[in-house]
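These are the residues of each chain, in order.
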Amino acid sequence: MKKTELAKILKPLVKQCIKEVLFEEGILSNIVSEVVTGLNAGAQPLVEHKQQRQIIEADEKAADEEAKRRKQKINETEFDVIKKFDYLQKISNSQNKISSYITIQEGCDKFCHFCVVPYTRGPEYSRPFEQIINEAHNLVSNGAKEITLLGQNVNAYNFSINNRDYKLSSLINELNNIKNLKRIRFTTSHPKDMTEDLINCYKDCKKLMPFLHLPIQSGSNKVLKSMNRKHNSEDYMSIIKKLKNINKDIKISSDFIVGYPGETENDFEDTIELVEKIGFVNSYSFIFSPRPGTPANEKKLNNIEESEKRLKKLQRILENFQLENNKIYSQQYCEVLIENKLKNQEKYFGRTKFMTPVIFDSDNCKPGELVNVKITTFNKKNLFGFHKTNKNKAA
């Protein structure tokens, strides 16, 4: 078989493996969904986020990446961790997107039994504090209005220098002081690292958006123990309660694995009960898929037909919560950060404080502005409305 023929066969397989690994690392679960949401709504410009494309394409271009790195905008998930952070210090991030991303941490020490991240990305490693802040200032000076801090286990960020420790809360507090920055977010988090100082940021930092993606994976303590998640459902509920006490407006999204080896009907019902208690506004759910080299790979798989039934039931409940949440906005004004104008249309794309996509008409606005949008219709994923100059208070 010729090399070219072999390449045609292997390339899509390798690409799919890469994507699956990245999903498990928590980087793509939000970003890819956002791109798909934008495409479904006709928001083609979302695909222009170069960092999003580079994450997906990084390993496909591995052979010639070294030659291109000095000419391209930097995607912080591409290099070996230590070399990468040293290299980034020398690079000026010229990204000028309204909503921008900064990787602050890589790797994971949790060793969940289903996850490949500790093996593919290694132990937790945090980027120097000042380097991150400098990059944030550079992004804002180039027009960024929103910064999302990224990491496979972002709230495990912990950097020490000169006998001083910096945590994720330290970064958020510092970013909160940047004059022209309007919004701060972070993803993806682990419940074990939701410390009191980080929770308090939702009270003290006005630019930190009242939305948190906090994966739990299952509502069953038996399954959580089998997954080696290092927390139980009561711990998770306690975190949510603290967050709600700090900021009553905060909304939560999560990740769920259905059909994990050994999951019974009672275990699944524990997950349903937790979902109904919290009322997640947006979540991602999948049937368990074994990964070579992980402890869960050695376990006996559940019946796939039963797992599919459970997934459909869970997704139906999650989608209903999402729809009901969007219904709240109907005929109300909400604050939207405009990210881009849709191609060949007098429509704009932006997001609410809670990450909900908004498509709206306007003849008097521009990307980067915070505007009040009157919501007229909605569906499961998006809000639709119009903007005009007024003094109505936004939700």
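This text gives an overview of the structure that appears in the document. These figures come from a predicted structure and were not determined experimentally. (Residues numbered from 1 in each chain as written. Predicted model: local features only at pLDDT ≥ 70, side-chain atom pairs only at ≥ 80, totals over all residues. Heavy atoms only, no water.)

All right, on to the sheet that holds strand 13 (residues 370–378) then. The mixed closed barrel is built from five strands, whose spatial order is 10-11-12-14-13. Strand after strand, the sheet turns through a mean of 50 degrees between neighbouring axes, direction not considered. Note that strand 10 (residues 333–341) and strand 13 share five bridges and pair antiparallel. By the bridge assignment, Tyr 333 is partnered in strand 13 with Lys 374. (Pairing = 2+ DSSP bridges. Helix = DSSP H or I, 4+ residues; strand = E, 2+ residues; numbered from the N terminus. Axes fitted to C-alpha atoms, helices over the stretch in contact; angles between N-to-C directions.)

Taken in spatial order, the four strands of this open sheet run 2-1-3-6, and their pairing is mixed. Edge strands, defined here as strands with exactly one partner in the open sheet, are strand 2 (125–126) and strand 6 (183–187). Summarising the sheet, strand 1 (residues 99–106) and strand 2 pair through two bridges and their orientation is antiparallel. Paired with Glu 106 across the strands is Tyr 125, a residue of strand 2. Relative to strand 1, helix 7 (residues 129–141) is tilted by about 170 degrees, and along the sheet it contacts strand 1 and strand 3 (146–151). (Contact = heavy atoms within 4.5 Å.)

With that out of the way, let us pick up the packing of aromatic side chains. This model, assessed by the stated rule, comprises eight aromatic pairs. Arranged with centres 5.7 Å apart and planes meeting at 80 degrees, the rings of Phe 111 and Tyr 119 form a pair that is edge-to-face. Relative to Tyr 260, the ring of Phe 114 lies with its centre 6.4 Å away and its plane at 80 degrees, an arrangement referred to as edge-to-face. Separated by 146 residues along the polypeptide, Phe 114 in the loop between strand 1 and helix 6 (117–120) and Tyr 260 in the loop between strand 8 (251–258) and helix 12 (265–278) bring together distant segments of the chain. Across this residue pair, the class does not change: Phe 114 and Tyr 260 are buried. Positioned over the ring face of Phe 354 is Lys 251, at 4.5 Å from the centre of the ring. (Phe/Tyr/Trp six-rings, centres within 6.5 Å; stacked < 30°, edge-to-face > 60°. Buried < 20%, exposed > 50% of the residue type's maximum accessible area, 1.4 Å probe, protein only. Lys NZ or Arg CZ within 6 Å of the ring centre and 35° of its normal.)

Below, the discussion takes up helix 7. The α-helix winds at 3.6 residues per turn, so residues separated by three or four positions along the chain end up facing the same way. Compared with an ideal rise of 1.5 Å per residue, which puts 13 residues at 18 Å, helix 7 spans 19 Å between its outermost C-alpha atoms and is within 8% of the ideal. The complete set of buried residues in helix 7 reads Phe 129, Gln 131, Ile 132, Ile 133, Glu 135, Ala 136, Leu 139 and Val 140. (Expected span 1.5 Å × (residues − 1).)

Next up on the list: the nonpolar core. Grouped together as the largest cluster of nonpolar side chains are 52 residues, with contacts concentrated most on Leu 149, Phe 186 and Leu 243. Per-element tally for this core: the top contributor is helix 7, with six residues. One finds Val 281, Val 336, Phe 354 and Phe 360 within the second-largest nonpolar core, a separate group that totals 16 residues. (Core = buried A, V, L, I, M, F, W, Y, C linked by side-chain atoms within 4.5 Å.)

Residue placement: Gln 217 occurs in the loop between strand 7 (211–213) and helix 10 (221–227). When its relative accessible area of 8% is taken as the criterion, Gln 217 is described as buried. Discounting chain neighbours no more than four positions away, the residues touching Gln 217 are Phe 114, Met 227, Arg 229, Asp 255, Phe 256 and Ile 257.

This part is about the pairing of strand 9 (residues 282–287). For a regular strand, the rule is simple: side chains alternate between the two faces of the sheet. One ladder, built from six bridges, connects strand 8 with strand 9; its direction is parallel. Along strand 9, the bridge assignment pairs Val 258 with Ile 287. Taken together, strand 8, helix 12 and strand 9 constitute a β-α-β crossover, and its handedness is right-handed. (Right-handed = clockwise from strand over helix to strand, strands pointing away.)

Let us look at helix 13 (residues 304–327). For helix 13, with 24 residues, the first-to-last C-alpha span of 34 Å sits near the 34 Å given by 1.5 Å per residue. Residues Ser 307, Arg 310, Leu 311, Leu 314, Ile 317, Leu 318, Gln 322, Asn 325 and Asn 326 constitute the buried set of helix 13. Turning to helix 13, the residues buried within the fold contact strand 8, helix 12, strand 9, strand 13 and strand 14 (383–387). The N-cap of helix 13, judged by a side-chain oxygen 3.0 Å from the amide nitrogen of Glu 305 a few residues on, is Asn 303. (Polar contact = N/O pair within 3.5 Å; in protein donor to acceptor, adjacent residues only side chain to side chain.)

So, on to the packing of helix 9 (residues 196–204) against helix 11 (residues 233–246). For the pair helix 9 and helix 11, interaxial distance at closest approach is 8 Å and the crossing angle is 35 degrees. In this structure, helix 9 crosses over helix 11, and the sense of that crossing is right-handed. Between helix 9 and helix 11, the residues in contact are Glu 196, Ile 199, Asn 200, Tyr 202 and Lys 203 and Lys 242, Leu 243 and Ile 246, respectively. The class makeup of the residues in the contact of helix 9 with helix 11 is four nonpolar, one polar and three charged. (Left-handed = near helix turned anticlockwise from the far one by under 90°. Nonpolar A, V, L, I, M, F, W, Y, C, P; charged D, E, K, R; others polar.)

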